[in-house]
Amino acid sequence: GAGVSQSPSNKVTEKGKDVELRCDPISGHTALYWYRQRLGQGLEFLIYFQGNSAPDKSGLPSDRFSAERTGESVSTLTIQRTQQEDSAVYLCASSLGLVFGANVLTFGAGSRLTVL
Amino acid sequence: AQSVAQPEDQVNVAEGNPLTVKCTYSVSGNPYLFWYVQYPNRGLQFLLKYITGDNLVKGSYGFEAEFNKSQTSFHLKKPSALVSDSALYFCAVRGGNQGGKLIFGQGTELSVKP
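Residues numbered from 1 in each chain as written. Chains lettered and ligands numbered in written order. Predicted model: local features only at pLDDT ≥ 70, side-chain atom pairs only at ≥ 80, totals over all residues. Heavy atoms only, no water.

Visitor: Can you walk me through the pattern of salt bridges in this structure?
Guide: Opposite charge on two side chains makes pairing possible when the charged atoms of those side chains draw close. Residue and element names in this part refer to chain B. Inspection of every chain in the model, using the stated rule, returns six salt bridges over all chains. Lys 58 is paired through a salt bridge with Glu 64; the nearest N and O atoms lie 2.9 Å apart. Look at Lys 58 and you get exposed, because its relative accessible area is 61%. Its relative accessible area of 17% is what places Glu 64 among the buried residues. (Salt bridge = Lys/Arg side-chain N within 4 Å of Asp/Glu carboxyl O. Buried < 20%, exposed > 50% of the residue type's maximum accessible area, 1.4 Å probe, protein only.)

Printed below as a string of structure tokens:
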């Protein structure tokens, strides 16, 4: 597609439930990022995928968080046993990757997660 | 570890006046530096980047930023602010030897009043 697509745009869940967030990057973008933005705060790095390399998971806050990417396309971010502090907007971004120099990210509109 | 600091949570400027949004960074290796903007109810958009070369970088909407290696800073500037510039601004950095991981600052809310 023309841009980065994220779904769902809004998700309300109960504490303890699992949620799955999806990201469709721009076609041909080899790099994919997930960030978390809590209300009124900055972007917190979660995970980075680059082609077939092992992902950089250094930002995942706990083992309840995981992410997968199928080749150079769709990615899913899974949060298990959600807690209220997981409430945030989860942003996905993609880019052409390092071979093209400094990577300019194109962001999706985000998935707003509310944990009751 | 790489990090970015935006020391001001909010910057208030009168329309027509120059504006500066501050950013300092810490990385291993040569830095790749970026500014992104988030308008209300809209997604994050790229403004400009520094890779190498001239320390003064020009970007979208009349914005520019100056890379200062000795002060490890990359402040965003505009000679004459517009009300429509009001938004949340993020500085970001990637270390040259740290793969593609891009770290963002906490953001600075810019408010331009008529």
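Visitor: Sorry if this is basic, but what is going on with the pairing of strand β10 (residues 87-95) of chain B here?
Guide: Along any regular strand the residues' side chains alternate between the sheet's two faces. All names here are of chain B. Most of β10 is tucked away: nine of the nine residues are buried. Two strands pair when backbone bridges link them, and strand β5 (residues 31-38) and β10 are joined in this way by eight bridges, in the antiparallel orientation. When the bridges of β10 are listed, Leu 33 appears paired with Val 93. Two strands pair when backbone bridges link them, and β10 and strand β12 (residues 108-113) are joined in this way by three bridges, in the antiparallel orientation. Bridged to Leu 88 within β12 is Glu 109. As judged from the two bridges shared by β10 and strand β11 (residues 103-104), these two strands associate in the antiparallel manner. Each bridged residue has a counterpart across the sheet, and for Val 93 the counterpart in β11 is Ile 103. (Helix = DSSP H or I, 4+ residues; strand = E, 2+ residues; numbered from the N terminus. Pairing = 2+ DSSP bridges.)

Visitor: Explanation requested: the side chain of Arg 64 of chain A in the structure shown.
Guide: Residues and elements named next belong to chain A. Following the sequence through the fold, Arg 64 ends up in the loop between β5 (43-50) and β6 (65-69). Judged by its relative accessible area of 12%, Arg 64 falls in the buried class. In terms of polar contacts, Arg 64 uses its side chain to reach the backbone carbonyl oxygen of Arg 81, at 3.2 Å. Only 2.8 Å separates the side chain of Arg 64 from the side chain of Asp 86, close enough to count as a polar contact. Ignoring any residue separated from it by four or fewer positions in sequence, one finds Arg 64 in contact with Thr 78, Ile 79, Gln 80, Arg 81, Thr 82, Gln 83 and Asp 86. (Polar contact = N/O pair within 3.5 Å; in protein donor to acceptor, adjacent residues only side chain to side chain. Contact = heavy atoms within 4.5 Å.)

Visitor: Would you mind going over the interface of chain B and chain A with me for this structure?
Guide: Between chain B and chain A, the contact holds 19 residues from the first and 18 residues from the second. Carbon and sulfur atoms supply 61% of the area buried between chain B and chain A, which totals about 1500 Å² over both sides. Of all residues in chain B, Leu 44, Lys 101 and Phe 104 of chain B bury the most surface against chain A, accounting for 32% of the area lost on that side. Taken together, the connections running from chain B to chain A amount to zero salt bridges. The tally of links between chain B and chain A comes to four residue pairs in polar contact (both at pLDDT 80 or more). Within the residue set of the side of chain B that touches chain A, elements represented by two or more residues are β5, β6 (44-50), β10 and β11 of chain B. A per-element tally of the side of chain B that touches chain A places β5 of chain B first, with four residues. Partitioning the side of chain B that touches chain A into residue classes produces 11 nonpolar, five polar and three charged. (Buried area = accessible area lost by both parts, 1.4 Å probe. Nonpolar A, V, L, I, M, F, W, Y, C, P; charged D, E, K, R; others polar.)

Visitor: Is there a simple way to think about the nonpolar core in this case?
Guide: What tends to happen in soluble globular proteins is that the nonpolar side chains get buried as a cluster. In this structure, Tyr 35 and Phe 107 of chain A together with Trp 35 of chain B are the most contacted members of the largest nonpolar core, which totals 48 residues. Leu 21, Leu 32, Leu 46 and Cys 92 of chain A belong to the second-largest nonpolar core, a separate cluster that totals 20 residues. (Core = buried A, V, L, I, M, F, W, Y, C linked by side-chain atoms within 4.5 Å.)

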